[in-house]
Each structure stands twice: as C-alpha cells, then as structure tokens.
Amino acid sequence: MATKRVKREAVVKAELLELTPKDLNEQVRKSSRNVLAPKRLKYSPENSPAETTRKKTRAKTPNVKKNQKIVKDIKKEEENIENSDVEHTSGGQRGLSEYELERLENIRQNQAFLSSINLFQATEELKQLTRPKPSQRGIVRSQAVVKEVLPARKSLRLQNKEAEVLTLPPEPRSTPPKKPSGPLPINPINMEEGSKLPSHLIQLWSEDSRQEKKTQLDLKQYRSALKNMKISEERVAKVVKDRIFSAAFHPCSSSLLMATGDKWGKVGLWNLDGDWGDDGVLLFEPHTRPVGCMAFSTAVPTQLLSLSYDGSLRCMDIEKAVFDDVYDIDDGLKTFDFMSLDCSTLVAGTWYGDVAIIDRRTPGNSHETLHSLDPKTLRCVSVHPLQKHYFAVAESKVVSIYDSRCLKKTKSPSVSQLHGHSLSISSAYFSPSTGNRVVTCCMDNNIRVFDTSAMTTTSPLLSSIRHGMQTRRWLTKLSAVWDPKQEDCFVIGSMLRPRRVQVFHESGQLQHSFTDKENLNTVLSVTVFHPTRNALVGGNSSGRLHVFSD
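Residues numbered from 1 in each chain as written. Predicted model: local features only at pLDDT ≥ 70, side-chain atom pairs only at ≥ 80, totals over all residues. Heavy atoms only, no water.

J.: Is there a simple way to explain the overall build of the chain in this structure?
T.: Counting its secondary structure elements, the chain contains eight helices and 29 strands. When the 550 residues of the chain are sorted by exposure, 44% land in the buried category. Across the chain, contacts joining residues at least 24 apart in sequence account for 54% of those joining residues at least 6 apart. Taken as a whole, the chain presents about 31700 Å² of accessible surface, with 51% of it coming from carbon and sulfur. (Helix = DSSP H or I, 4+ residues; strand = E, 2+ residues; numbered from the N terminus. Buried < 20%, exposed > 50% of the residue type's maximum accessible area, 1.4 Å probe, protein only. Contact = heavy atoms within 4.5 Å. Areas by Shrake-Rupley, 256 points an atom, 1.4 Å probe, with all protein chains shown as cover.)

Structural data, given as structure tokens:
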C-alpha cells in the first residue's frame, strides 16, 4: 500500500512539474506486481520474410471468431479513449504519456491492416451469408398437430390409493396396411374430396409422341445441347412428401409432365407449366411402401405403371380414372420392365430372387410363370430393346442375361454373364436403341460398361469409371440410366460437392456436369432424361424434383 501511495504522489508531482515519464521512472521505484505487461508487437511491413509470409497465410484463412473479437476490442479501445478525461487540444494530444501515444498508434496501424485485408467487409458478408432455403413450390407440408396438455402426474402411493391395473396397448404397425386388391379410384389427396382431374391434364396425358424421334447427335453437338440445359427456381418443386425412389417423364413434347414415387407409396404428378393443385402438382396414394419402379406405357400414353415393395403392381389409367390391379403378391416386388412393343407383357423381379412373367391380357392379377434365379437377392431387370426375349438381371455380384423362352422353375441357364463386380450391384440397363451395351453400378464404387452385341458366354468389359456409390441408408442408391436420345451416353447423380449430376460417355469420358449454386444443393439420387426433349429430371430424399431443360 505504501508503494502505491508513493507512486500516486509521484504522479501528481509529475503532472504539476510536467515531468517526462523517463524522469518519473527514475524517481519512483516500481513494484514487480504492478509492472506493465510486455508491449504487443505492432504490425510493420519491415518484418522478416518468414513473419510476413506467416501473416499473409493467416490473412487468407482468417479465424472468424478471433477476428470479430479483435474488431470488438478495437472499437472498445476507441470508445474508452473518446470517453476518457484526458485533455485533447487542436495542437496535438497534450497530457498523454508516451505509452498511451504508442498504444494509439498501434490501434491506428491495426485498423489500417484489417482494412487492407477487407476484414470488416468479410465479417459483414459472413453475417449475411445463409444457406439457400429449399424450394417452397409444390405440395404444402402438413402443419404439426398441437399436443394435448395432460394434467401433472401424482403418486398413488402417497395418496394411499391402490395401483391401477393397466393393459398395454397393441404395438403400432411399422407400416400402414396394404391397399385392398382391385381397382382404386384416382382421387388426389392434395385437393378437395370429389374434385375432378383437370381437363388440361387429361388432354396432355393423352398426347401421343411416338412418332417424334430425335436423331442421335455427335458428341460435340451433344455436349453443346447439355450446356444449354439450365435450372431455375420455378423448376424445383416438392412433388411427394418423402424420399423419392423412382421417376419418369411422360413422352408428350408440348409440356414437361413428370411422375415420381416416394417411400410410403405415394405417386406425384407435376406439370411444369400447370396451374392446378399445388403449383401444378397432384398427389395420389395407390401403394403403402416404396414405389421402387415406374414407367409410362410407350404404346398407350394414358397409362402409368407403378410397382411397390408392398407387392402390388398397378396401372394408373387416366381415361378410366382408376388404378387398375396388374399384379399382386404378399410382399417384396422390386422392379419390372416391358417385354413387348404393346406393353402387354412384363417381367417383374422380387427381393427374393424370383422373376415373374405377367400378361396383362389375362384376367386376374397373377403371373403366367414364376422362376427362381438367385436365392440371395435381385435388384434390377432390364429387357433388350430389340430382342425382347432377352432380359438382364442384376443379381448379387454378377449380371446375368436370360432368354425368356428357355426359363425353368429353378436353375435356369443364362445366355451371357457380366463379371468383375466385387460387391452387390444396384442396377444394370441395356442401351436404349440397340442393346449393344449394358451399364452397371456396383457398391465397389465403379460404373462398368459391357459389350453385349455378340451375346457371348462372358461379355467383355469396355470401360470402368470410378464413382462414389456409398449413399448410406438415408439416400436412394445411385443408378446410371441411359439417355433415350443418345445411344452411348448415360446420366447419374453424384455425392461430390458442390452437388451435381454427371453425364458420361460409354468410354468413361465425362461429357457434362449439371451444377447450380442457388437451386441445386442436394444429392439427386434418381435421374431420368426426357425421351424426345432436351430435359433432365432429378429427385432427392425430401420429395423434390429438379428439372434442367433448354
């Protein structure tokens, strides 16, 4: 205390006699507890080259929280100086000690340095930077149900009452019950009950575009056409409520009409320019489990076939206004494809390794024949576009090509096999025009293209493309799908950032990547090209469709 008192008296004398800090230090013995902290090194351009390089590196990757704290400290220092009782005069800063003058100079230089690296501007930009919100177009998310407020629980033992004997309620079903067999009426669940389908939708749905075939472009022209396909805010909409498992384009060319199926059996229709429903979206519920596969009939444009894991295969007939029952089993349907030009015969595959040959002209909803192929799993079937009796099956670690004329109930011989996969295969598809190629996607992170023009016992591998396939459990598996207008190119979603959709040539060469910072910020697991127009649709795990078109 004596030391502080002596120092305080010395400071008063120094102010009266206008002594310098140097003279003051000579007269007053300073206590080791009150020694000023070492001065902070101020920024100077004459620093060593290593120090300058280190500071430049720090400036390129600033720590935002630390820099914001520095800015706050500087502003606080300025306020303290402005509100201090030290006398300021126009002729200079009389009354300030040498240390305070040096401190002010350090603050000024620090501010100049932070301004030179645009730190203040970057801080404001970071505050305003927010992740783009998903599109609000399409169906409206249902409002959360208000929870009932229950009275507070009281102990029966403390009230000297007998405990009540309660029976446990039945366990809730993990999935809703399956829809009954037979035709179901077409009633959009996002419109008022009893509403009729829009007349413009029926007219659009009935449009026949089988005669409109585009000639195949060379690769340079094809890349140019892909670059002209763009996405905008109006081309993103929520069409179904949950994760998308399948999607398809209607073949009409006057407008872009799309269908998609989600995790809980709902089927959504979206006309990009429509004004009915929710921004052109109509939602139906013909199934109760994931809609794993869907396709429009190429012979009758008014029909949309959809297959679900719940064991039902239905045909949405817009003229009859019903979902007809095509095929029905207890559980486990996975995929299907048309085996005839009139789309009356189909092949359907189950999770349990069976394939069923179905003739829609036969009364009832059963199969013609059933064949066991792979006892482990079956993930995809694809019919040859020209020789319809051939179909490829993605089994556990091999793709086998079978002849439907030579099938047996068990142990059917394969015409050709595609080897080289080390893990399970998620998809395998014939090329759309000739069937001379098969593209496969495997969980070993490879896309493979095989030559099936000769149908030899073992089809040769043409190319292998490294591509991430590990989508985990919350995303639909990625599948490479051919462009119907281009025999040698296919499209697939990607796990890379920024999010994108990629188009490859059969040789493995990347042709184009669809990206957009504003409107594409999610993985598009399901991708489909339009059969005649330059348009691409992709579906994500939140039920939204993204459309790229010219």
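J.: What is the right way to read the side chain of Lys 334 from this model?
T.: By the element assignment, Lys 334 lies in strand S11 (residues 333-338). Although Lys 334 is buried, it forms no salt bridge, and the closest oppositely charged side chain is Asp 331 at an N-O distance of 12 Å. There is a polar contact of 3.1 Å between the side chain of Lys 334 and the side chain of Tyr 309. Setting aside residues no more than four positions away along its own chain, Lys 334 makes contact with Gly 292, Cys 293, Leu 307, Tyr 309, Gly 349, Thr 350, Trp 351, Leu 378 and Arg 379. (Lys, Arg positive; Asp, Glu negative; His and termini not counted. Salt bridge = Lys/Arg side-chain N within 4 Å of Asp/Glu carboxyl O. Polar contact = N/O pair within 3.5 Å; in protein donor to acceptor, adjacent residues only side chain to side chain.)

J.: Got a minute to help me understand the environment of Gln 203 in this structure?
T.: With respect to the element layout, Gln 203 can be found in helix H7 (residues 199-205). Residues Gln 203 and Ile 318, spaced 115 residues apart in sequence, show a C-alpha to C-alpha distance of 10.0 Å.

J.: Just to check I follow, could you spell out the sheet that holds strand S1 (residues 184-185) for this structure?
T.: Two modes of strand pairing occur in sheets, parallel and antiparallel, and in both the strands are linked by backbone hydrogen bonds. Strand order in this open sheet of five strands is S1-S10-S9-S8-S7, and the pairing throughout is antiparallel. With partners counted over all chains shown, the strands left at the sheet margins are S1 and strand S7 (291-296), one partner each. In this structure, S7 lies alongside strand S8 (residues 303-308), joined through five bridges in antiparallel fashion. Among the inter-strand pairings, Val 291 is bridged to a residue of S8, identified as Ser 308. (Pairing = 2+ DSSP bridges.)

J.: How should I be thinking about the confidence of the model for the chain in this particular structure?
T.: Here the chain shows a mean pLDDT of 84. Residues at 70 or above account for 79%. Contacts for the low-pLDDT stretch residues 14-36, under 50 throughout, to residues beyond four places or in other chains number twelve contacts. Predicted confidence for residues 84-93 stays below pLDDT 50, and this span has nine contacts to residues more than four positions away or in other chains. (pLDDT = per-residue confidence, 0-100.)

J.: Help me out: how do you make sense of the sheet that holds strand S2 (residues 236-238) in this one?
T.: Pairing is antiparallel across the open sheet formed by four strands, whose spatial order is S2-S29-S28-S27. At either end of the open sheet lies a strand with only one pairing partner, and these are S2 and strand S27 (526-529). When the angles between neighbouring strand axes are averaged without regard to direction, this sheet yields 20 degrees. Alignment of S27 against strand S28 (residues 535-539), held across four bridges, turns out to be antiparallel. Among the inter-strand pairings, Val 526 is bridged to a residue of S28, identified as Gly 539. (Axes fitted to C-alpha atoms, helices over the stretch in contact; angles between N-to-C directions.)

J.: Explain the pairing of strand S17 (residues 399-403) here, please?
T.: Strand residues, when the strand is regular, have side chains that alternate between the two faces of the sheet. Burial of S17 is extensive: five of the five residues sit out of reach of the surface. The side-chain alternation of S17 yields two buried faces, one formed by Val 399, Ile 401 and Asp 403 and the other by Ser 400 and Tyr 402. The sheet contact formed by strand S16 (residues 390-394) and S17 spans five bridges and is antiparallel. Bridge pairing in S17 links Ala 392 to Ile 401. Counting the residues between successive antiparallel strands, the hairpin from S16 to S17 contains four residues. Pairing geometry for S17 and strand S18 (residues 416-418), over three bridges, is antiparallel. Each residue of the ladder has a partner; that of Val 399, found in S18, is Leu 418.

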